[in-house]
Amino acid sequence: MSSLPRSGAHCCTHGMQGAYATFHLHPPTLKNSPFKIVLLLVVVLGALLPLHWVPAAEWGGYTFKRVDFLSDLTPADSAATTAALLATLPDVPPARQAVRDSCPPGMVCIDDYEDDTERGMTPFYRALTERAALGRPVRVAYLGDSFIEVDILTSDLRRELQRRYGGCGVGFLDAAPPYAANRGTVHQRYGGWESLSVLDKGRYAREELGLSQRYGTARSAAWIEVKGTRELGLDTCEVQTIYLSPRGSAPVGVKLNNGPVLALPVQGGAGFQALRYEGRAGSVKWQVPQGYVCWGVAVEGREGVSVDNFSLRGSSGITLAEVPVEQLTRFGELRPYDLIVVQFGLNVASKKQLRYDAYARQMKHVVERLKTAFPQAGILIVGVGDREDKLDDGQLHTMPGVLALMKYQQNVAAESHVAYWNLFQAMGGEGSIRRMAAMTPPEAGKDYTHINARGGKRIAHLLYKTLVHGHEQYKRRQATP
């Protein structure tokens, strides 16, 4: 046996004469070309560099933030520059002072800009005063982003309002929310649903959106199960309701506690409707036929106060304009509200942008749509809270965009003749989210953007005291000849 030569790999073929042909395979030679690499980098940089000067904008109901890939190379605006730029923004008009009493020390009171149409706080205060004769709970719809997700803040606001004015239950629940397992105020399970929201671009049907900007479609025999917690007021409650659109005549099933499944008839082809069943229960299970569209269920009392959490992570608020007014109006007829709280801004404010004119115009449009769809409700805009980032001194400071956006939000409230509450000031102003994150135990996350349940409890108590103070002032005005 002969050994193979050392010159390389060999491929041997038996020829007609028994000879062997040897082929030497050499790998291709790769030549480094620094010029080509540099040229490629220059081309890419030339294509991306113009994006540095493209401002943030809103288009088609969505907010597009500025692409500032040079932010780590350019210093943020100094405090003096920021202050100078903020001074060029529109002034915030003073609130209408219906009562000359000063705001109590330590309280951040609501600025009410309502006119003769009374779309500020009056409808809510009036409903609280007349709650015994309403024949339903005084209802609050709290619309927001991830700041209130999993019932943060709203759970404690609900608890304090119900302790003072009565009521029970968690209020409205989306049909199949993605955060259900993380919500501590209710145990919710579901199955058989395809859940879509306004953020599922290209997939959702606009005409199916509800106030939560979500909806669920029963892809099989779907179900929703809601169980109370051990907390008093959330353990059992009296009125169970489901909001849906039947796509046939099959009844909807409801089961309370360990009882039998009851069949509730639907109005076939009637569109958006509510099926209500009264009976104190700690556990409720709904069974929905295939093809039906469902917006959610509600657990509440016959009277008192009900607070609904409508959170949508990543929303700027302007996507509410996607929900058809007809859909909102029908929901308002079936579930009337006395106060609608609108709290957005975390997904809008940025480190350097100070102009939010386009965003303010679109939020005014959203407020007008809410006023049209819910003619009996007051509207309260809650300003953006503190959000911090490192500026040019390397230290954490409130984002300049937060300070600017607050002024725009308050002007939206003033120009729309609704109410405004300064969350930033209530939190403690500059540095408040950093101080909350540094507490033991902490009240906010180290992203210096989101509060946690402890922070939500503190802020909810501040808002609760402000609402009670406003209600007492309202009653004084009503009692004055």
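Here the residue numbering is sequential within each chain, running from 1 through the sequence in written order. Confidence filtering applies because this is a predicted model: local features only for residues at pLDDT of at least 70, side-chain atom pairs given and counted only at 80 or more, and all residues used for totals across whole chains, interfaces and linings. Only hydrogens and water are removed before side-chain values are computed, so all heavy atoms of the structure are retained for them.

With that settled, the discussion passes to the packing of helix α6 (residues 357–373) against helix α7 (residues 400–416). For helices, the axis comes from a line fit to the C-alpha atoms of the stretch in contact; other axes are also lines fit to C-alpha atoms, and the angle between any two N-to-C directions lies between 0 and 180 degrees. Numbered from the N terminus, helices here are DSSP runs of H or I no shorter than four residues, and strands are runs of E no shorter than two. Where α6 meets α7, the axes come as close as 10 Å, and the angle between the chain directions of the two elements is 35°. You can see that α6 and α7 cross each other, and the crossing is right-handed. For the pair α6 and α7, contact is made by Asp357, Tyr359, Ala360, Met363, Lys364, Val367, Glu368 and Lys371 and by Leu405, Tyr408, Val412, Glu415 and Ser416, respectively. Its residues assigned to classes, the contact of α6 with α7 shows seven nonpolar, one polar and five charged. The crossing is said to be left-handed when, going from far helix to near helix, the turn is anticlockwise and less than a right angle, and right-handed when the turn is clockwise. Should any heavy atoms of two residues lie within 4.5 Å, those residues are counted as being in contact. Three classes are used, and their members are as follows: Ala, Val, Leu, Ile, Met, Phe, Trp, Tyr, Cys and Pro are nonpolar, Asp, Glu, Lys and Arg are charged, and the others, Gly among them, are polar.

So, about the state of the cysteines. Any pair of cysteine sulfurs within 2.5 Å is marked as a disulfide. Under the counting rule described, the total for this entry stands at two disulfides. The disulfide partner of Cys103 is Cys109, and the gap between their sulfur atoms is 2.0 Å. Looking along the S-S bond of the Cys103-Cys109 disulfide, the torsion reads about 90°, which is the right-handed sense. In this structure Cys103 comes out as partly exposed when scored by relative accessible area, which is 31%. Burial classes follow relative accessibility: with a 1.4 Å probe on protein chains only, a residue under 20% of its type's maximum area counts as buried, one over 50% as exposed, and anything between as partly exposed.

What follows concerns the packing of aromatic side chains. Pairing of aromatic side chains requires ring centres within 6.5 Å, counting the rings of Phe and Tyr and the six-membered ring of Trp. Pairs whose planes differ by under 30 degrees are stacked, by over 60 edge-to-face, and all others tilted. According to the stated counting rule, one finds twelve aromatic pairs in the structure shown. With a centroid separation of 5.8 Å and 75° between ring planes, the pair formed by Phe172 and Phe331 is classed as edge-to-face. Taken together, the residues Phe172 in strand β7 (residues 171–174) and Phe331 in helix α5 (residues 325–334) connect sequence positions 159 residues apart. Phe331 matches Phe172 in its accessibility class, with the two residues each being buried. One aromatic cluster is present, formed by Phe172, Tyr243, Phe272, Trp295, Phe310, Phe331, Tyr337 and Phe374 through successive ring pairs. Note that Lys285 overlies the ring of Trp223, its terminal NZ or CZ placed 4.9 Å from the centroid. Geometrically, a charge over a ring is one whose NZ (Lys) or CZ (Arg) sits within 6 Å of the ring centre while staying within 35 degrees of the ring normal.

A few words now on helix α10 (residues 453–479). Along an α-helix, residues three or four positions apart point the same way, because every turn accommodates 3.6 residues. Residue count minus one, scaled by 1.5 Å, sets the expected span of a helix. Over its 27 residues, α10 runs 38 Å from end to end, which matches the ideal 39 Å to within 8%, given 1.5 Å per residue. Whenever two N or O atoms come within 3.5 Å, that pair is a polar contact, provided that in protein one can donate a hydrogen and the other can accept it, and provided that, for residues adjacent in sequence, both atoms are side-chain atoms. N-capping of α10 is provided by Asn452, with a side-chain oxygen placed 3.0 Å from the backbone N of Arg454.

Scope: geometric values only; no functional claims are made or implied.
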